Amino acid sequence: MNNSPISPITPPGFASIAPVEQPARDKLDLAGSFRHALEEAHAAENTSTHAAEQFAKGDPGMGIHEVMIASEKANISLRYATTLKNKALEAYRELMNTQV
Amino acid sequence: MSSMDFFTAMEVSASGLSAERTRMNIAASNLANAQTTQAAGGGPYKRRDVILSAVDAPGAQGTPFAQQVKGVVVSQIAQDAAPPRLEYDPGHPQANAQGYVAYPNINPVEEMVDMITASRAYEAGITTMTTAVNMAERALGIGR
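This write-up is about the structure you can find in this document.

Analysis parameters
- Residues numbered from 1 in each chain as written.
- Chains lettered and ligands numbered in written order.
- Predicted model: local features only at pLDDT ≥ 70, side-chain atom pairs only at ≥ 80, totals over all residues.
- Heavy atoms only, no water.
- Helix = DSSP H or I, 4+ residues; strand = E, 2+ residues; numbered from the N terminus.
- Rg over C-alpha atoms; globule rule 2.2 N^0.38 Å.
- Buried < 20%, exposed > 50% of the residue type's maximum accessible area, 1.4 Å probe, protein only.
- Contact = heavy atoms within 4.5 Å.
- Areas by Shrake-Rupley, 256 points an atom, 1.4 Å probe, with all protein chains shown as cover.
- Lys, Arg positive; Asp, Glu negative; His and termini not counted.
- Charge placed at Lys NZ, Arg CZ, Asp CG, Glu CD.
- Buried area = accessible area lost by both parts, 1.4 Å probe.
- Salt bridge = Lys/Arg side-chain N within 4 Å of Asp/Glu carboxyl O.
- Polar contact = N/O pair within 3.5 Å; in protein donor to acceptor, adjacent residues only side chain to side chain.
- Expected span 1.5 Å × (residues − 1).
- Axes fitted to C-alpha atoms, helices over the stretch in contact; angles between N-to-C directions.
- Parallel < 35°, antiparallel > 145°, perpendicular 65-115°, else oblique.
- Nonpolar A, V, L, I, M, F, W, Y, C, P; charged D, E, K, R; others polar.

### Regarding the overall build of chain B
Secondary structure summary: chain B contains 2 helices and 4 strands in total. Listed N to C, the secondary structure of chain B is α-β-β-β-β-α in terms of helices and strands. The C-alpha radius of gyration computed for chain B amounts to 22 Å, which surpasses the reference 15 Å derived for 144 residues by more than 25%, pointing to a less compact arrangement than a globule. Each principal axis of the C-alpha atoms in chain B carries an extent, and together these give about 80 × 25 × 20 Å. Within chain B, the fraction of its 144 residues that count as buried is 28%. Intrachain contacts of chain B at a sequence separation of at least 6 include 61% that bridge at least 24 residues. Carbon and sulfur atoms provide 58% of the accessible area of chain B, an area that totals close to 8400 Å². Charge-centre separation for chain B: the mean point of 10 positive side chains lies 3 Å from the mean point of 13 negative side chains.

This is the structure we're talking about:
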């Protein structure tokens, strides 16, 4: 008995659909975004230190709330960076534990 | 820093806090000078009023509806044009020819109300800020 191979089913008009152009995406891997977040946290930390210094110097334009806000921003930015780092490490460990 | 969206709310609240601080300073100035009969430019101290205006929020660029998010600034400190309060006190060194002394057009009760309004608005700004920070922290806790 001669079994002919089953020809693949092609839905009508499938070939006529042009492939969707994928927009060029930024090459942003986890390490890159972590570096970016760390830079941002560093900048926020600098702003916070600067604000505290200005306040200590008696700059009339620098209120208590501005100092507190700057330090809170630095705090959030750093926690964001830390969270990204934890996620990246988690993903790395997950991959290293892959059973082969 | 447009990537940190919650920072926009913080910036807006911060602008509100600064405005309320100025309002508080002006209320303090008005209260302190309620009896000041001599000010720069002659005549008694004139009551000051804070004019607030909405401006584009700092750091909102690139966030959704950035144009609709507005911060606040003190655009002007206006002087109250109401006439001074005249009090009959012929013995006062600043009394005019008719024996009247011109005192500032300040009602301390009104100033206290302004002050408490500023204080409450400041509190509201702090609450907004705390909520924004809490939201950011909640977001950071996703998946933990």
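### What to know about the interface of chain A and chain B
Listed by partner, the interface residues are 16 residues for chain A and 19 residues for chain B. In total, chain A and chain B occlude about 1600 Å² of area from one another, counting both sides; carbon and sulfur atoms represent 64% of this. If you sort the residues of chain A by the area they bury against chain B, His65, Lys73 and Ile76 of chain A come out on top, with a joint share of 38%. At the junction of chain A and chain B, the tally comes to 3 salt bridges. Between arginine 21 of chain B and glutamate 66 of chain A there is a salt bridge whose closest N-O contact spans 3.5 Å. Remark: the boundary between chain A and chain B carries 5 residue pairs in polar contact (both at pLDDT 80 or more).

### A look at the pattern of salt bridges
All names here are of chain B. Summed over all chains, the structure comprises 12 salt bridges over all chains. Measuring nitrogen to oxygen at the nearest pair gives 3.5 Å for the salt bridge that ties arginine 47 to aspartate 114. Of this pair, arginine 47 sits in the loop between α1 (6–32) and β1 (48–56) while aspartate 114 sits in helix α2 (residues 108–140), and the two are 67 residues apart along the sequence. In this structure, a network of salt bridges that share partners links the residues Arg47, Asp49, Asp80, Glu110, Glu111 and Asp114.

### Overview of helix α2 (residues 64–96) of chain A
In a regular helix each residue adds 1.5 Å, so 33 residues correspond to 48 Å; α2 of chain A covers 48 Å between its end C-alpha atoms and thus fits that length. Within the sequence span of α2 of chain A, burial applies to His65, Val67, Ile69, Ala70, Lys73, Ala74, Ile76, Ser77, Ala81, Thr83 and Leu84 of chain A. For α2 of chain A, the secondary structure elements touched by its buried residues are α1 (30–57) of chain A together with α1 and α2 of chain B.

### A look at the side chain of asparagine 105 of chain B
Residue and element names in this part refer to chain B. Its location among the elements puts asparagine 105 in the loop between β4 (100–103) and α2. Looking at asparagine 105, its side chain comes within polar contact range of the main-chain nitrogen of arginine 47, at 3.3 Å. At 2.7 Å, the side chain of asparagine 105 and the backbone oxygen of alanine 82 are in polar contact. Once residues lying within four places of it in the same chain are set aside, the contact partners of asparagine 105 are Tyr45, Lys46, Arg47, Asp80, Ala81, Ala82, Pro83 and Pro84.

### Concerning the packing of α2 of chain A against α1 of chain B
Between α2 of chain A and α1 of chain B, whose axes approach to 10 Å, the crossing angle comes to 170°. Considering their axes alone, α2 of chain A and α1 of chain B lie roughly antiparallel with respect to each other. Residue-level contacts link His65, Glu66, Ile69, Glu72, Lys73, Ile76 and Ser77 of chain A of α2 of chain A to Phe7, Met10, Glu11, Ala14, Leu17, Ser18 and Arg21 of chain B of α1 of chain B. Across the contact of α2 of chain A with α1 of chain B, the residue classes break down as 6 nonpolar, 3 polar and 5 charged.

Purely geometric stuff here, so don't read any function into it on its own.
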